[in-house]
Amino acid sequence: MRIAIIVISCLLWLWFLGCTFTWKFGKVLLVEGMGLKSIEFTVLVLFTIGIVGFLLWEPVGKWILLVELTLWLVAQFFSHEYFTIFGVSDRKLKGYNECFEGTVKLFPISETRLIPDLYHIVLHLLIATDLVLVALSIFC
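Residues numbered from 1 in each chain as written. Predicted model: local features only at pLDDT ≥ 70, side-chain atom pairs only at ≥ 80, totals over all residues. Heavy atoms only, no water.

Asker: Explain the overall build of the chain here, please?
Answerer: What the chain contains, in helices and strands, is 5 helices and 2 strands. Tracing the chain from N to C terminus, the helices and strands come up as α-β-β-α-α-α-α. A compact globule built from 140 residues would reach a C-alpha radius of gyration of about 14 Å, and the chain, at 16 Å, matches this within 12%. Viewed in the frame of its principal axes, the chain has a C-alpha envelope of about 45 × 35 × 25 Å. (Helix = DSSP H or I, 4+ residues; strand = E, 2+ residues; numbered from the N terminus. Rg over C-alpha atoms; globule rule 2.2 N^0.38 Å.)

Asker: Just to check I follow, could you spell out a nonpolar patch on the surface for this structure?
Answerer: Taken together, the side chains of Val52, Leu55, Leu56, Trp57, Val60 and Ile64 present a nonpolar region at the surface, about 570 Å² in accessible area. Contributing elements (two or more residues each) for the nonpolar patch: helix H2 (39-56) and helix H3 (58-86). With respect to the helices, strands and loops of the structure, Trp57 is situated in the loop between H2 and H3. (Patch = residues over 30% accessible without salt bridge, like charges linked within 9 Å, V, L, I, M, F, W, Y side chains within 5 Å. Areas by Shrake-Rupley, 256 points an atom, 1.4 Å probe, with all protein chains shown as cover. Salt bridge = Lys/Arg side-chain N within 4 Å of Asp/Glu carboxyl O.)

Asker: Looking at this structure, I do not really get H2. What am I missing?
Answerer: Along an α-helix, residues three or four positions apart point the same way, because every turn accommodates 3.6 residues. Taking 1.5 Å of rise per residue, the 18 residues of H2 would be expected to cover 26 Å, and the 26 Å separating its terminal C-alpha atoms lies within 8% of that figure. Where H2 is concerned, the buried positions are Leu44, Phe47, Gly50, Ile51, Gly53 and Phe54. Contacts made by the buried residues of H2 are with helix H1 (2-16), H3 and helix H5 (118-139). (Expected span 1.5 Å × (residues − 1). Buried < 20%, exposed > 50% of the residue type's maximum accessible area, 1.4 Å probe, protein only. Contact = heavy atoms within 4.5 Å.)

Asker: Explain the pattern of salt bridges here, please?
Answerer: Two side chains bearing opposite charge may form a pair once their charged atoms approach each other closely. All told, the structure shown has 2 salt bridges when counted by the stated rule. Note that Glu58 and Arg2 form a salt bridge whose closest N and O atoms lie 2.6 Å from each other. On the criterion of sequence distance, the pair formed by Glu58 in helix H3 and Arg2 in helix H1 is long-range, its members being 56 residues apart. Across the pair Lys94 and Glu98 runs a salt bridge whose closest N-O atoms are separated by 3.8 Å. Of this pair, Lys94 and Glu98 both sit in helix H4 (residues 90-99), separated by 4 residues, roughly a single helical turn.

Right, dumping it as structure tokens:
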């Protein structure tokens, strides 16, 4: 279980690095980074502390990761999936679609629902997977 947590946490860390530094491959924009002075960078630093805590002192580090990943997944849910499931205001939908206009989409944008792009779908799956693995390591 420890190896799986380390692998998924490292993949998540690398993937989320895109929120700080833009991931662009040729003309394909995966995600536009927000820079070092962003809340995304703060989350990356906190997640880094959680990973290091897990690596150096697992009994405490896994609890830090559990709390961080839970809060992170809840924040992502209320930033994305909530609006996909329950609908969104025209203003929020327009802002979201403009913000992520050039990113890779698995599904076409909607006029009534917020549809996360590929980057956010993978991000949410990685956070959820890491959270499940950490929870299993604690409670099973």
